[in-house]
Amino acid sequence: MASTSTSLIPLRGHGRKASFSSSPAKTALKKALRFSFSSRSSVVICVKSSSGAVKYNEVVVDEEMDKIRRLQNGSDVRGVALEGEKGRTVDLTPPAVEAIAESFGEWIIKALQKERGRPVEDVTVSLGKDPRISGASLSVAVFAGLARAGCLTFDLGLATTPACFMSTLLPPFAYDASIMMTASHLPYTRNGLKFFTKKGGLTSPEVEEICDKAAHKYANRLTKVSTMLNSPPKKVDFMRAYAKHLRDIIKERVNHPIHYDTPLKGFQIILNAGNGSGGFFTWDVLDQLGADTFGSLHLNPDGMFPNHIPNPEDKTAMALTRAAVLENTADLGIVFDTDVDRSGVVDNNGNPINGDKLIALMSAVVLKEHPGTTIVTDARTSMELTRFITDRGGHHCLYRVGYRNVIDKGVHLNQDGVETHLMMETSGHGALKENYFLDDGAYMVVKIIIEMVRMRLEGSDEGIGSLIKDLEEPLESIELRMNIISEPKYAKARGREVIEAFRSYIEEGQLKGWALDACGDCWVSEGCLVDSNDSPAAIDAHMAKVSNEKNEEIGWVHIRQSIHNPNIAINMQSSVPGGCQLMTKVFRDKFLMVSGMGKTLDFSQVDKYARLGKMG
């Protein structure tokens, strides 16, 4: 393919579109790009080669567009930003990011015009980022894209995902929208974008719409990225205001009778920030409120994450935090993920509290404040957690895996008149009705800290872990993964075929003793994965209860397509010894092998567990 000679397109202020030079070759190209391309098309365009000769090159537009569409991961955009991962190529490039940011800016402007019924000017968008080393170059692309769309931009610098959302609400900032650049707990080579308006995070269909528009821009654009900004973004210190917001909540709700401004005096709290964005919580929140934070870990931001994965589900992260709590006889340990939308804790006895335990702890706190409320979780949670919630007078609604799914379900239940104050996924994502339905790991910890101080003021010498001492754990629980054997652009479609084939096999009675679950006598809807409202979401997962020949329950199987990677996840739980291995054998022998779906999947992990009853 001939190399091309093109000039960079400068941005001449906000909202002004780039213009082409008047050379004959570029004029021909400009005319060619006026056509509206379908999702499966190609076009022959004329470009000027480096030798000066005019040549014709075929551009496969659909492949260019697929590059952008594949970056969508549910309600986020994620991709590989740096080389270093075996088998993964860089796909989150500055040109791709610029096209997505421009499309988001246009989407915001259009939405505001529709909402206000008039043209809008000076639409403001903020950008924050975690410490990943690809953040600097990709930030330039975000600002360039937003400027192309006509937005005024504000640079929050190192920030957290919840802070970015709050920048759309807290005065005097109150931006029209915000973007957080992060890939959460994923390796340093990855990065991504999360999008917010004053109403909260964007939904998957909204992000799909934005990525589709960006795909057209990316495929049709002569110059892939702009590098000149006549109006650079304004830098603002929003994290200071956000930290004050969190401090004020703790002070007001504890309302300490002796030292109102330092309610954490006498408490030692250890924070493990994992070298992500969460270090601010130590010096700008805990220290300011009087806590002793000696012994805290990995507070300095480092985009290479040299110590461990910043993830409350990571065993190393929890083990190091547990050791620090015990060594310092601290009252509480805190673990944040990279962008602080998830958290986990360690109690004063060194017990890690994450997954079902964290949901139980938050449920205990919320049910004290809102007796009888509904709590939404993903369907992977245990039957023991359901008993824990119902024993305290609450209602447990199980829903689809994916934090946006869980949060949106809570929003819809409230709209339907079902009081729902807590929505949590086992990964540590948790949102509260009182906090704008925002999954904020720092706010979750704030709630736990407030309860810990209240317990002390009421005369209790027990730690926060005492609130879940009666939570039982399932006898057996396992998660297995099957990689989808396919080109990346076909992986999602292949995954849907597997999920639907599983449903059909059960409905046709080909898996004896297996029945699609309706969550027993679920009082909220027909079943945990089925919406009964006027606008049900498409089903992307299935759950089955499994019984033996005597109709005795063995356990349950939940199957879904991974949001972030091309694989199928299977979660199983059983109260019968050997139950998970038995269900895995049936799944392998009676479904994968018979249906032919096994040819689409690498199910070596499933096969190994079926044979050995263990992962290794």
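Computed from a prediction, not measured in an experiment: that's the story for all the values here.

Colleague: I'm lost on the overall build of the protein in this one. Help?
Modeller: Helices and strands together make up the secondary structure of the protein, namely 16 helices and 25 strands. Taken across its 616 residues, the protein has 56% of its residues classed as buried. For the protein, contacts bridging at least 24 residues in sequence account for 68% of all contacts bridging at least 6. Accessible surface, the protein: about 26,200 Å² in total, of which carbon and sulfur atoms supply 50%.

Colleague: Is there a simple way to think about the confidence of the model for the protein in this case?
Modeller: Detailed reading of predicted coordinates is not advised where the pLDDT is low. Per-residue confidence for the protein gives a mean pLDDT of 86, with 84% of residues at or over 70. Below pLDDT 50 for its whole length, residues 1–60 participates in 103 contacts with residues either more than four positions away or in separate chains. The model gives residues 519–527 a pLDDT under 50, and that stretch makes 14 contacts with residues more than four places away or in other chains.

Colleague: Looking at this structure, how should I read the pattern of salt bridges?
Modeller: Between side chains of opposite charge, a pair can form as their charged atoms come close. Under the counting rule described, the total for this entry stands at 41 salt bridges. A salt bridge links Lys 447 to Glu 369; its shortest N-O distance comes to 2.7 Å. One end of the pair, Lys 447, is in helix H13 (residues 441–457); the other, Glu 369, is in helix H10 (residues 356–369), and 78 residues separate them in sequence. Judged by relative accessible area, which is 32%, Glu 369 ranks as partly exposed. Asp 589 serves as the salt-bridge partner of Arg 588, at 2.7 Å between the closest nitrogen and oxygen. Through salt bridges with shared partners, a single ionic network connects Asp 378, Arg 380, Glu 425, Glu 479, Arg 481 and Arg 560.

Colleague: Looking at this model, I keep getting lost on the nonpolar core. Mind explaining?
Modeller: For soluble globular proteins, nonpolar side chains are generally found buried alongside one another. If you look at the biggest cluster of nonpolar residues, it comprises 71 residues, and the most contacted ones within it are Ile 269, Phe 281, Ile 334 and Ile 449. In terms of residues, this core owes the most to one element, H13, which gives eleven residues. In terms of domain composition, this core takes at least three residues from each of domain 1 (57–236) and domain 2 (240–468). Counting residues in each nonpolar core, the second largest holds 40 residues, with Leu 92, Ile 109, Val 120 and Leu 193 among its members.

Colleague: Hey, could you run me through the side chain of Arg 247 in this one?
Modeller: Examined against the element boundaries, Arg 247 turns out to sit in helix H7 (residues 238–254). In this structure Arg 247 is buried but unpaired, with Asp 284 as the nearest side chain of opposite charge at 5.3 Å. Setting aside residues up to four positions removed in sequence, Arg 247 forms contacts with Asp 284, Val 285, Gln 288 and Leu 289.

Colleague: Is there a simple way to explain the side chain of Ser 103 in this structure?
Modeller: Looking at the element boundaries, Ser 103 is found in helix H3 (residues 94–116). Of the residues examined, Ser 103 reaches a relative accessible area of 0% and is grouped as buried. Of the polar contacts made by the side chain of Ser 103, one reaches the backbone nitrogen of Ala 214; its length is 3.1 Å.

Colleague: Can you walk me through the pairing of strand E20 (residues 476–484) in this structure?
Modeller: Looking along a regular strand, one sees side chains alternate from face to face of the sheet. Side chains Glu 476, Ile 478, Leu 480, Met 482 and Ile 484 of E20 all project onto a buried face; the interleaved residues Ser 477, Glu 479, Arg 481 and Asn 483 project onto a face where none is buried. In the sheet, E20 pairs with strand E25 (residues 601–602) via two bridges, with the strands oriented antiparallel. When the sheet's bridge partners are listed, Asn 483 is paired in E25 with Asp 602.

Colleague: Just to check I follow, could you spell out the packing of H10 against H13 for this structure?
Modeller: For any two helices packed against each other, the geometry is given by the interaxial angle and the distance between the axes. H13 packs onto H10 with a crossing angle of 65 degrees between their chain directions and a minimal axis gap of 11 Å. Relative to H13, the crossing made by H10 is left-handed. For the pair H10 and H13, contact is made by Leu 358, Leu 361, Met 362, Val 365, Lys 368 and Glu 369 and by Met 444, Lys 447, Ile 448, Glu 451 and Arg 454, respectively. In the contact of H10 with H13, the residues fall into six nonpolar, no polar and five charged.

Colleague: Can you help me understand the packing of H3 against helix H6 (residues 204–220) in this one?
Modeller: Close contact between H3 and H6 brings their axes to 8 Å; oriented N to C, the two are set at 125 degrees. In terms of orientation, H3 and H6 fall into the oblique class. Along this stretch, H3 crosses H6, giving a crossing that reads as right-handed. For the pair formed by H3 and H6, the contact residues are Pro 95, Ala 96, Ala 99, Ile 100, Glu 102, Ser 103, Phe 104, Glu 106, Trp 107 and Lys 110 on the first element and Glu 206, Glu 209, Ile 210, Lys 213, Ala 214, Lys 217 and Tyr 218 on the second. Taken together, the residues that form the contact of H3 with H6 break down as nine nonpolar, one polar and seven charged.

Colleague: Quick question: what am I supposed to make of the sheet that holds strand E18 (residues 430–432) here?
Modeller: Pairing between the strands of a sheet is mediated by backbone hydrogen bonds and can be parallel or antiparallel. Taking strand neighbours across the sheet as the criterion, the five strands line up as E16-E15-E17-E18-E19 in an open arrangement whose pairing is mixed. Both edges of this open sheet fall to strand E16 (395–399) and strand E19 (438–439), since each of them pairs with a single strand only. Seen against the sheet, helix H11 (residues 383–391) touches strand E15 (374–378) and E16 and runs at an angle of roughly 150 degrees to E16. Those strands touched by H13 are strand E17 (420–424), E18 and E19, and its axis lies near 70 degrees from that of E18.

Colleague: It is not clear to me how the pairing of strand E23 (residues 553–561) should be interpreted in this structure. Could you clarify?
Modeller: Counting buried residues along E23, eight of its nine residues qualify, which places the element largely inside the surrounding structure. One ladder, built from seven bridges, connects strand E22 (residues 541–547) with E23; its direction is antiparallel. Looking across to E23, one finds that Ser 547 is bridged to Glu 553. Hairpin connection from E22 to E23: five residues lie between these consecutive antiparallel strands, with Asn 551 at a positive phi of about 65 degrees. Across seven bridges, E23 lies against strand E24 (residues 567–574) in antiparallel orientation.

Colleague: Help me out: how do you make sense of H7 in this one?
Modeller: For the α-helix, the turn length of 3.6 residues means that residues three or four positions removed from each other point alike. Over its 17 residues, H7 extends 25 Å from the first C-alpha to the last, a length consistent with the 24 Å expected when each residue adds 1.5 Å. Among the residues making up H7, those that are buried are Phe 238, Met 239, Tyr 242, Ala 243, Leu 246, Arg 247, Ile 249, Ile 250, Lys 251 and Val 254. On the buried face of H7, the contacting elements are strand E6 (152–158), helix H5 (161–166), helix H8 (280–286) and H13. Phi turns positive one or two residues past the end of H7, at Asn 255, with a value near 50 degrees.

Colleague: Hey, could you run me through the packing of aromatic side chains in this one?
Modeller: Describing an aromatic ring pair means giving the distance of the ring centres and the angle of the ring planes. One pass over the full model with this rule turns up 15 aromatic pairs. Note on Phe 104 and Phe 195: the rings are 4.9 Å apart at their centroids and 45 degrees apart in plane angle, and the pair reads as tilted. On the criterion of sequence distance, the pair formed by Phe 104 in helix H3 and Phe 195 in strand E8 (residues 190–197) is long-range, its members being 91 residues apart. Across this residue pair, the class does not change: Phe 104 and Phe 195 are buried. Here Tyr 242 and Phe 280 contribute two aromatic rings whose centre-to-centre distance is 5.9 Å and whose plane-to-plane angle is 40 degrees, an arrangement assigned as tilted. Of the two residues, Tyr 242 sits in helix H7 while Phe 280 sits in helix H8, which places them 38 residues apart along the sequence. Of the two residues examined, Tyr 242 and Phe 280, each falls in the buried class. The ring of Phe 388 carries the charged tip of Arg 392 above its face, separated from the ring centre by 3.6 Å.

Colleague: What am I meant to see in the environment of Thr 282 here?
Modeller: In this structure, Thr 282 sits in helix H8. Take Thr 282: its relative accessible area is 2%, and that puts it in the buried class. Sequence separation between Thr 282 and Ile 270 is twelve residues, and the spatial gap between their C-alpha atoms is 8.4 Å. If we skip the residues at most four places from it in the chain, Thr 282 touches Leu 271, Asp 287, Thr 293, Ser 296 and Leu 299.

The rules behind the values
- Residues numbered from 1 in each chain as written.
- Predicted model: local features only at pLDDT ≥ 70, side-chain atom pairs only at ≥ 80, totals over all residues.
- Heavy atoms only, no water.
- Helix = DSSP H or I, 4+ residues; strand = E, 2+ residues; numbered from the N terminus.
- Buried < 20%, exposed > 50% of the residue type's maximum accessible area, 1.4 Å probe, protein only.
- Contact = heavy atoms within 4.5 Å.
- Areas by Shrake-Rupley, 256 points an atom, 1.4 Å probe, with all protein chains shown as cover.
- pLDDT = per-residue confidence, 0-100.
- Salt bridge = Lys/Arg side-chain N within 4 Å of Asp/Glu carboxyl O.
- Core = buried A, V, L, I, M, F, W, Y, C linked by side-chain atoms within 4.5 Å.
- Domains from an automatic or database assignment.
- Lys, Arg positive; Asp, Glu negative; His and termini not counted.
- Polar contact = N/O pair within 3.5 Å; in protein donor to acceptor, adjacent residues only side chain to side chain.
- Pairing = 2+ DSSP bridges.
- Axes fitted to C-alpha atoms, helices over the stretch in contact; angles between N-to-C directions.
- Left-handed = near helix turned anticlockwise from the far one by under 90°.
- Nonpolar A, V, L, I, M, F, W, Y, C, P; charged D, E, K, R; others polar.
- Parallel < 35°, antiparallel > 145°, perpendicular 65-115°, else oblique.
- Expected span 1.5 Å × (residues − 1).
- Phe/Tyr/Trp six-rings, centres within 6.5 Å; stacked < 30°, edge-to-face > 60°.
- Lys NZ or Arg CZ within 6 Å of the ring centre and 35° of its normal.

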